[in-house]
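# Fold and contact review
This is what each chain is made of:
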Amino acid sequence: MKKKAIKCAFFHILIAMLLCADGCSSATASAQSDTDSILEMPDPVAEVSDTVTLSFAFMGDIMMGTTFPDSIHGTHLPKDGGRHLFDDARTVTERVDVAGGNLEGSFLDGPGKRRKMTNPKTYFIFRMPTEYVDNLVDAGFDFLGIANNHINDFGAPGRSSTMRTLRQAGLNVVGLKDSCETALIERKGLRIGVTQFGHGANNLNVNDLKELERVVSKLRKDCDIVVVSFHGGAEGTAYMHVTGKPEMYVGEKRGNVKEFAHAAIDAGADIVVGHGPHVPRAAELYKDRIIFYSLGNFCTPFRIGIAGATGYAPLAEVRVNKKGEFIGGKIHSLLQHKGIGPRFDENHAAAHLIRDLSLKDFPESPLVIENDGKLSHP
C-alpha cells in the first residue's frame, strides 16, 4: 500500500542522508539531472527475483475543476475541495505499484496571465487551485504528465507553479522539454522510467520521433521498465479509430499515434499510454508490450463534455514482468458524473468500447479483452 505519510517520510530521510552523510560519492550527488525528477532511489546491490511483477494504473485526462472563468451560473469547483473525486478509483490506484495520469491544466492560485482565447465558445482554459494536489496524493498517484495543450493556459507562471506544486507534494512530473522530461521511480528493486509527449509549445513533441528515440534510449540505459505516455490524436467521437496516419485538429499536428507508439516500443519502451481525443480508443499488444491509444477523459467534472463516450472513464490496470513483458490486467470501467467524478460502471461500457475498437483497428493483435474488462495474453 502506498501512503502519503510513507512517501513524505522517505523523502525527508533521503534529504537528510544527502545533507549529513560524509563522503558521499559524486555519482550520488549527480543522480538527479536538471530534466529528471528522481524521488526514490533503488538499492543497486539488491537482487531482484525473476518472478517479480509490477502493477500499474493508468488513466486519461484529469482536470479536477477550474477557477477560470468566473461565472454567474455558479462555481466550476467540486464540493469539499474535490476530496471525493477519486473515491472509487483509489481502490485501484492505492494498491498498484505505480499510478499516473495526464494533468489537463495548470495548478495556479491567483489570476496569472492567460493565453488568448481565439473563440471563447469553443476554446477552454483550465486553472486548478494548488491545494487540489492533495487529492492526487491521497488517491495514491505517483506521477502526472503535463505535456498537453492546456499546460500553457497560463504561460510560464502556470507551468512553473504546476511543476512546483506537484514536486512539493512528492509527486513526479514529466513532459516538458528541458524542464521535466523524465522521472525515475523505484519499486521492488526495479527502476521505472516515465516520460510523456504531447503537442504544443514547451512539450516533448509527439511528432518528433527522433526526440522520442533520444528520450526513451536514455531511460532504457538507466531503467528496468520504461513507460511512455502521450497526448495525441484528433478530438471527439468522430475520431475514435486509430488510422495509422498523421492526425490534425484545429490546424494543429496531433501526431501519427500508431507510428509513435510502435516507435516508442522499438526504442525500448515497455508500456505506452495515450490520451487527448477525449474518448477511448483501441488497445494493442505489440512485441509483447501493451499500448492504449487513448484512455479518454478520466476526472473532468466541469467544463469538459462528459456525454456519451466522452464520459467513459477507463482505468487501465497492467501487470508486467521484470523485463516489461505484458502479463495481464484489467480495464476498470467508470462513468463520469458532473461535479462528482468517475464512478464504477457495472455495465463495463468503457471496456466494451475499447474491446470493439481493438478488434476493428488491430485484428492481428493477440490481446484478449473480456466482457468485464479483464486483459490477457494467450
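Described in the following lines is the structure provided in the data block. This is a predicted model, so every value here is computed, not measured.

### Some thoughts on the overall build of the protein chain
- The secondary structure content of the protein chain amounts to eight helices and 22 strands.
- Taken across its 378 residues, the protein chain has 57% of its residues classed as buried.
- Restricting to contacts in the protein chain with at least 6 residues of sequence separation, those with at least 24 account for 70%.
- When the accessible surface of the protein chain is summed, it comes to about 16,000 Å², and 54% of that surface belongs to carbon and sulfur atoms.

### A few points about the pairing of strand β10 (residues 225-231)
- Within β10, seven of the seven residues are buried, which leaves it mostly tucked inside the rest of the structure.
- Alternating positions in β10 separate into two faces, I225, V227, S229 and H231 on one and V226, V228 and F230 on the other, with burial throughout.
- By the bridge criterion, six bridges tie strand β9 (residues 190-197) to β10 in an arrangement that is parallel. Its bridge partner lying in β10, Q196 is registered against S229.
- Crossover handedness for the path β9 to helix α6 (residues 209-222) to β10: right-handed.
- Bridge count between β10 and strand β13 (residues 271-275): five bridges; the pairing is parallel. Residue H231 lies in a different strand from β13, and its bridge partner there is H275.

### Some points on the pairing of strand β20 (residues 341-344)
- The pairing of strand β19 (residues 334-337) with β20 spans four bridges and is antiparallel. Bridged to L334 within β20 is F344.
- Between β19 and the antiparallel strand that follows it, β20, lie three residues; G339 among them carries a positive phi value of about 75°.

### Concerning unusual backbone geometry
- If you check the backbone angles, V250 has positive phi at about 45° while not being a glycine.
- Checked against the element boundaries, V250 lands in the loop between β11 (247-249) and β12 (252-255).
- The backbone of H278 shows a phi angle near 70°, a positive value even though the residue is not glycine.
- Examined against the element boundaries, H278 turns out to sit in the loop between β13 and β14 (283-286).
- Overall, H278 belongs to the buried group, its relative accessible area being 14%.

### A closer look at the pattern of salt bridges
- Per the counting criterion, the structure on display carries 16 salt bridges.
- D142 serves as the salt-bridge partner of R187, at 2.6 Å between the closest nitrogen and oxygen. Note that R187 is positioned in strand β8 (residues 182-187) and D142 in the loop between α4 (133-138) and β6 (143-145), a separation of 45 residues in sequence.
- A relative accessible area of 2% places D142 in the buried class.
- Of the charged contacts in the structure, one is a salt bridge between E181 and R214, with a shortest N-O distance of 3.3 Å. Of this pair, E181 sits in the loop between β7 (172-174) and β8 while R214 sits in helix α6, and the two are 33 residues apart along the sequence.
- Judged by its relative accessible area of 4%, E181 falls in the buried class.
- Judged by relative accessible area, R214 falls into the partly exposed class, the value being 39%.

### Quick notes on the environment of R355
- Positionally, R355 belongs in helix α8 (residues 349-361).
- It is 9.7 Å that separates the C-alpha atoms of R355 and I331, two residues lying 24 residues apart in sequence.
- In contact with R355, not counting residues within four places along its chain, are I369, E370 and N371.

### Observations regarding helix α5 (residues 155-168)
- A rise of 1.5 Å per residue sets the reference length of α5, with its 14 residues, at 20 Å; its end C-alpha atoms lie 20 Å apart and thus fit the reference within 8%.
- What α5 keeps buried is the set G155, G158, R159, S161, T162, M163, T165 and L166.
- Phi for G170, located one or two positions after α5, is positive at around 85°.

### Some details on the packing of aromatic side chains
- Inspection of the entire model under this criterion finds seven aromatic pairs.
- Between the aromatic rings of F86 and F141, the centroid separation amounts to 5.5 Å while the plane-to-plane angle is 70°, which identifies the pairing as edge-to-face. You can see F86 sitting in the loop between β2 (53-62) and α3 (90-93) and its partner F141 sitting in the loop between α4 and β6, a full 55 residues away along the chain.
- On the basis of relative accessible area, F86 is assigned to the buried category, the value being 1%.
- Summarising the aromatic geometry, the rings of F230 and F260 are spaced 5.2 Å apart at their centres and angled 55° between planes, so their arrangement reads as tilted. With a gap of 30 residues between them, F230 in strand β10 and F260 in helix α7 (residues 257-267) connect regions that are remote in the sequence.
- We classify F260 as buried; its relative accessible area is 0%.
- Taken together, the ring pairs in this structure connect F197, F230 and F260 into an aromatic cluster.

### Observations concerning the side chain of S161
- If you trace the backbone, S161 turns up in helix α5.
- Each residue touching S161, except ones within four places of it in the same chain, is listed here: F107, L108 and T130.

### Regarding the packing of α6 against α7
- Running from N to C, α6 and α7 point in directions that differ by 35°, and their axes come no closer than 9 Å. Both α6 and α7 take part in a crossing whose hand is right-handed. Along the contact surface, α6 presents L209, L212, E213, V216 and S217, while α7 presents E259, F260, A263, A264 and A267.
- A class-by-class count of the residues in the contact of α6 with α7 yields seven nonpolar, one polar and two charged.

Quick notes on the rules
Residues numbered from 1 in each chain as written. Predicted model: local features only at pLDDT ≥ 70, side-chain atom pairs only at ≥ 80, totals over all residues. Heavy atoms only, no water. Helix = DSSP H or I, 4+ residues; strand = E, 2+ residues; numbered from the N terminus. Buried < 20%, exposed > 50% of the residue type's maximum accessible area, 1.4 Å probe, protein only. Contact = heavy atoms within 4.5 Å. Areas by Shrake-Rupley, 256 points an atom, 1.4 Å probe, with all protein chains shown as cover. Pairing = 2+ DSSP bridges. Right-handed = clockwise from strand over helix to strand, strands pointing away. Salt bridge = Lys/Arg side-chain N within 4 Å of Asp/Glu carboxyl O. Expected span 1.5 Å × (residues − 1). Phe/Tyr/Trp six-rings, centres within 6.5 Å; stacked < 30°, edge-to-face > 60°. Axes fitted to C-alpha atoms, helices over the stretch in contact; angles between N-to-C directions. Left-handed = near helix turned anticlockwise from the far one by under 90°. Nonpolar A, V, L, I, M, F, W, Y, C, P; charged D, E, K, R; others polar.

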